[in-house]
Amino acid sequence: MKKILGLLAISTVAFSQQHFIQQKNGPTLGYDQAKIIQKDGLSFKDLNKNGKLDVYEDWRKPVDERAKDLAKQLSVEEIAGLMLYSGHQAVPARPDGYFAGTYGGKPFDPKTMDASDLTDQQKKFLQADNLRHVLLTTVSSPEDAAKWNNKMQAFCESVGKGIPANNSTDPRHGTSARAEFNAAAGGLISMWPSSLGMAATFKPALIQQFGRIAAAEYRALGIATALSPQVDIATEPRWGRFDGTFGESPTLSAAMGEAYCNGFQGDNWGGLSVNAMVKHWPGGGAGEAGRDAHYANGKFAVYPGNNFNEHLIPFTEGAFKLTGNTKKAAAVMPYYTISWNQTNENVANNYNKYLVTDLLRNKYGYDGVVCTDWLVTGDHQAMDVFIDGKVWGVENLNMAERHYKVLMAGADQFGGNNDMKPIIDAYAMGVKEHGEAKMRARMEQSAVRLLRNIFQVGLFENPYVNPAETKATVGKPEFMQAGFQAQLQSIVLLKNKANLLPIKEKKTLYIPKRFVAASRHFLGFPIPASNDFPINIELVQKYFNVTDDASKADIALVCIENPKSGIGYDKEDVAKGGNGYLPISLQYNDYTANDAREVSIAGGDPLENFTNRSYKGKTVKSRNVTDIQLIEETKAKMNGKPVIVSVNVSNPMVFAEFEGKADAILASFGVQDQAILEIIAGKAEPQALLPMQMPANMSIVEKQKEDVPFDMECHLDSEGHRYDFGFGMNWKGVIQDGRAKQYSVASGQ
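The model shown is predicted, which means the values in this text are computed figures rather than measured ones. (Residues numbered from 1 in each chain as written. Predicted model: local features only at pLDDT ≥ 70, side-chain atom pairs only at ≥ 80, totals over all residues. Heavy atoms only, no water.)

(A) Layout of the overall build of the protein. A tally of helices and strands in the protein yields 20 helices and 31 strands. Taking 27 Å as the expected radius of gyration for a compact globule of 749 residues, we find that the protein reaches 27 Å, a close match to that expectation. Its C-alpha atoms put the protein at 85 × 60 × 55 Å along the principal axes. A burial count over the protein gives 62% of its 749 residues as buried. Contacts spanning at least 24 positions in sequence make up 73% of the contacts within the protein whose residues lie at least 6 apart. A total of about 27,700 Å² of accessible surface is found on the protein, and carbon and sulfur atoms cover 50% of it. (Helix = DSSP H or I, 4+ residues; strand = E, 2+ residues; numbered from the N terminus. Rg over C-alpha atoms; globule rule 2.2 N^0.38 Å. Buried < 20%, exposed > 50% of the residue type's maximum accessible area, 1.4 Å probe, protein only. Contact = heavy atoms within 4.5 Å. Areas by Shrake-Rupley, 256 points an atom, 1.4 Å probe, with all protein chains shown as cover.)

(B) Representation of the confidence of the model for the protein in the model. When pLDDT is averaged along the protein, the result is 95, and 97% of the positions lie at 70 or above. Within the model, pLDDT remains below 50 along residues 1-11, and this stretch shows 22 contacts once partners closer than five positions in the same chain are excluded. (pLDDT = per-residue confidence, 0-100.)

(C) Spatial organisation of the packing of aromatic side chains. Under the counting rule described, the total for this entry stands at 32 aromatic pairs. Residues Trp239 and Tyr335 carry aromatic rings whose centres are separated by 6.1 Å and whose planes lie at 75° to one another, so their mutual orientation is edge-to-face. Residue Trp239 is located in the loop between strand E11 (225-226) and helix H7 (250-265), and its partner Tyr335 is located in the loop between strand E14 (331-334) and strand E15 (338-339); the two are separated by 96 residues in the primary sequence. With respect to burial, Trp239 and Tyr335 carry one shared label: buried. Seen in terms of ring centroids, Tyr581 and Phe610 are 6.4 Å apart; in terms of plane orientation they differ by 85°. Their pairing is edge-to-face. On the criterion of sequence distance, the pair formed by Tyr581 in the loop between helix H16 (571-575) and strand E26 (591-592) and Phe610 in the loop between E26 and strand E27 (619-620) is long-range, its members being 29 residues apart. (Phe/Tyr/Trp six-rings, centres within 6.5 Å; stacked < 30°, edge-to-face > 60°.)

(D) Structural view of the nonpolar core. Core analysis: the largest hydrophobic core is formed by 145 residues, its most contacted members being Phe264, Trp281, Phe320, Trp374, Leu451 and Phe460. Among the elements that take part in this core, helix H6 (residues 204-221) stands out by supplying 9 residues, more than any other. Ignoring sequence-local partners within four residues, the contact set of Phe460 consists of Lys45, Leu47, Tyr56, Arg66, Leu70, Gly162, Ile163, Pro164, Leu451, Ile454 and Phe455. Of all hydrophobic cores here, the second largest spans 67 residues; its members include Phe181, Val647, Ala662 and Leu690. (Core = buried A, V, L, I, M, F, W, Y, C linked by side-chain atoms within 4.5 Å.)

(E) How the structure looks around the pattern of salt bridges. The full count for this structure, using the stated rule, is 39 salt bridges. Notably, a salt bridge pairs Lys124 with Asp129, separated by 2.6 Å at the nearest N-O pair. Overall, the relative accessible area of 44% leaves Lys124 in the partly exposed class. Salt-bridge contacts for Lys299 lead to Asp605; the nearest nitrogen and oxygen are separated by 2.7 Å. You can see Lys299 sitting in the loop between strand E12 (275-281) and strand E13 (300-301) and its partner Asp605 sitting in the loop between E26 and E27, a full 306 residues away along the chain. Note on accessibility: Lys299 and Asp605 belong to one class, buried. Residues joined by salt bridges that share partners form a network here, namely Asp64, Arg361, Asp367, Asp412, Arg449 and Arg452. (Salt bridge = Lys/Arg side-chain N within 4 Å of Asp/Glu carboxyl O.)

(F) Representation of the environment of Ala348 within the structure. For Ala348, the position within the fold is in the loop between E15 and helix H9 (353-363). C-alpha separation for the pair Ala348 and Ala179, spaced 169 residues apart in sequence, amounts to 41 Å. Each residue touching Ala348, except ones within four places of it in the same chain, is listed here: Tyr336, Thr337, Ile338 and Trp392.

(G) Layout of helix H11 (residues 421-434). When the terminal C-alpha atoms of H11 are compared, their 20 Å separation across 14 residues agrees well with the 20 Å that a helix rising 1.5 Å per residue should span. For H11, the full list of buried residues reads Pro422, Ile423, Ala426, Tyr427 and Gly430. Each buried residue of H11 sits inside an arc of 145° when the element is viewed along its axis, so together they form one side. Here the buried face of H11 lies against helix H2 (76-82), strand E7 (84-85), helix H10 (399-409), strand E17 (414-415) and helix H12 (436-455). The positive-phi residue at the C-terminal boundary of H11 is Gly435, with phi of around 95°. (Expected span 1.5 Å × (residues − 1). Arc of directions from axis to C-beta.)

(H) Broad picture of the pairing of strand E29 (residues 664-668). Within E29, 5 of the 5 residues are buried, leaving the element largely enclosed by the surrounding structure. Neither face of E29 is open: one carries Ala664, Leu666 and Ser668, the other Ile665 and Ala667, and all of them are buried. Direction of pairing for strand E28 (residues 643-648) relative to E29: parallel, over a ladder of 5 bridges. Its bridge partner lying in E29, Val647 is registered against Ala667. (Pairing = 2+ DSSP bridges.)

(I) Structural view of the pairing of strand E5 (residues 35-39). As defined by bridge partners, E5 adjoins strand E6 (residues 42-46) across 5 bridges and the pair is classed as antiparallel. In the sheet register, Ile37 faces E6, and the bridge partner there is Phe44. The antiparallel hairpin formed by E5 and E6 contains 2 residues in its connecting segment, where Asp40 sits at a positive phi of about 55°.

(J) Here's a closer look at the environment of Phe246. Here Phe246 shows up in the loop between E11 and H7. As for Phe246 and Gly257, which are separated by 11 residues in sequence, their C-alpha atoms are 8.2 Å apart.

(K) How the structure looks around the sheet that holds strand E8 (residues 88-91). Read from one edge to the other, the open sheet built from 7 strands follows the order E8-E9-E10-E11-E12-E14-E16, with strand pairing classed as parallel. A single partner strand is all that each edge strand has here, and the edge strands are E8 and strand E16 (369-370). Across 2 bridges, the pairing between E11 and E12 is parallel. By the bridge assignment for E12, Thr225 is matched with Asn275.

(L) Structural context of helix H4 (residues 142-157). With 16 residues, H4 should cover 22 Å at 1.5 Å per step; its first-to-last C-alpha distance of 22 Å lies within 8% of that length. In terms of residue burial, H4 counts as a mostly covered element, since 13 of its 16 residues are buried.

(M) A look at a nonpolar patch on the surface. Taken together, the side chains of Tyr98, Val385 and Ile387 present a nonpolar region at the surface, about 240 Å² in accessible area. Residue placement: Tyr98 occurs in the loop between E8 and helix H3 (120-127). The partly exposed category is assigned to Tyr98, whose relative accessible area is 35%. (Patch = residues over 30% accessible without salt bridge, like charges linked within 9 Å, V, L, I, M, F, W, Y side chains within 5 Å.)

(N) Focus on the state of the cysteines. As enumerated under the stated definition, the model contains 0 disulfides in all. Free cysteine: Cys156, not disulfide-bonded; nearest cysteine sulfur from Cys371 at 17 Å. The exposure class of Cys156 is buried, given its relative accessible area of 0%. Cysteine Cys261 remains unbridged, with the sulfur of Cys371 as its closest cysteine sulfur at 15 Å. (Disulfide = S-S within 2.5 Å.)

(O) Here's a closer look at the side chain of His133. Inspection of the secondary structure assignment puts His133 in strand E9 (residues 133-139). Separated by 3.1 Å, the side chains of His133 and Gln413 make a polar contact. (Polar contact = N/O pair within 3.5 Å; in protein donor to acceptor, adjacent residues only side chain to side chain.)

Okay, here's the thing in structure tokens:
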């Protein structure tokens, strides 16, 4: 319906319980039960229900002025709630495990319950704990996510000062490998290559385009903060989070991180922006021997090359130097690691005052939100459990002391904590030590930063979304098309003997099934054994003829993954009297670490009675050793006919084991099967380059320095090509277009 209020025409529409006021000379206001204040012919929301227009409710005021006004109105308990960042929330909640939730005391029942309803746990942490930052994981559909957001925002609007929820997500634009791409069809969300795949394009403009598309999809889902990008330079090739990075080049990572943040945050802050939380300060890619700090066995980042400062480049020269008016990434997440012997105390980065206050805030002038990684204050109880508390270096502190140390180190927010009590206890400790005035000022300082990120993306004016618009926006055809084109641009052609590729005729392919033994995921979840075609055969048949008889085939296509050997730790080794530490291997065949360090650089944990974490002389097996066996078996069956190997890559790998048996090799980074087929069939030409080095052997890997990029001897193939950073081929041969040279050295070298 239309209403005339003063001299301003305002359109008021409603669906479900939400109402929208579309203003000609101001932002659209979305509200549920809030009262509307009219002033100067404009509309404002009375969020604190006091019948007057407060500074924080006045959208004409600068963001910082509004944030400071509201921060002063908040109780210590309300500020403590802002400092919480929820554990992972699924829509609907799972019945058990880490993501579990209940509805009226019962697990979700799809026959009788609405997937978009709030859980009992969500209502509790929103009201009793004043939590306003929520991490969203899986959703049953985009529409359910939109409706869930609206119910959450209405709940937040009804309590306290009406502070809206700032919903966030980890990256959610990965691919469904077997899904067919149809340019006229949409999907649940646009699908893009992994960060490593985006880096392989060497095109910052492409990832900025991704950021703009992803931001539009996020905002349609009710998500206003991205827990990304991950700009750690991956100088340690065995690291389990390698594929979440932009590779090992500091300058490429900086360029990609800058473009990513520009895309998500936009040229100017507003209702289309998404806050970017760049991670992981001061760089998490130097874990000793490739072990990861999600686990106690991987808590130490080491710097044998004295190269700590180079790891800062993606932050200081990228995410903190944006070309748009948002200027810097809205938030920063430190990593779990202890940056060994780089500061005056060997405590995890989240607890380290030098790293957060002296370096990040004072030296580099960063005044955005600093949010800890998840579960950094939890209790440490195991060496190899993903959801174990990650209190590295401060295991002796109690819960309140941990929160106090994080707070006084300079961080603003606690990831994965739904309970405000430890923060209140930490505040009491601070009052006792520093007095109430100083601690209140410290709390308000964080509150202003946290509120700024909610104000600047327009949530105070309109946190609601229209589910119909969500359905039309998320995964719409043009977004899917852009993602698929990026996938095509991310595939690296490493080998093309005798110009085997492209195969433009409808040849007959032999594609063997791929067996992989049961194992455990990086997160600790079990992975069942599998024996199936590794590629969508129905899709292959649209490009080529397919046979299960190698003798009748013209060419074989073997689809595999890079070697996977685990997290570098095994309880069975402990049971046998060992220290538990094993090598992490980048080769398929059994690997014995004869060239490993005699004594580890770092070590120590309350659950261990030793500090030497060496694994020298120990042997580790790859869980997918069957991949190289598959290549060998296929080579034999083809009896001299050509073999193409397609490798889905998440880490560097030792190509020497099988490269000589392949006539063509493609490296992909989390793409759809169809993208690989388009390259093989010549529908698209490869143009990507390696964003990392491929080592000649595992001895080279053991001898490289965890903190130094470009320090490995690389594999030299049968065609005389070295698989170094920046190497890639197209149909004419080795690509020489200047992209590799641009990013092959660190800033200032």
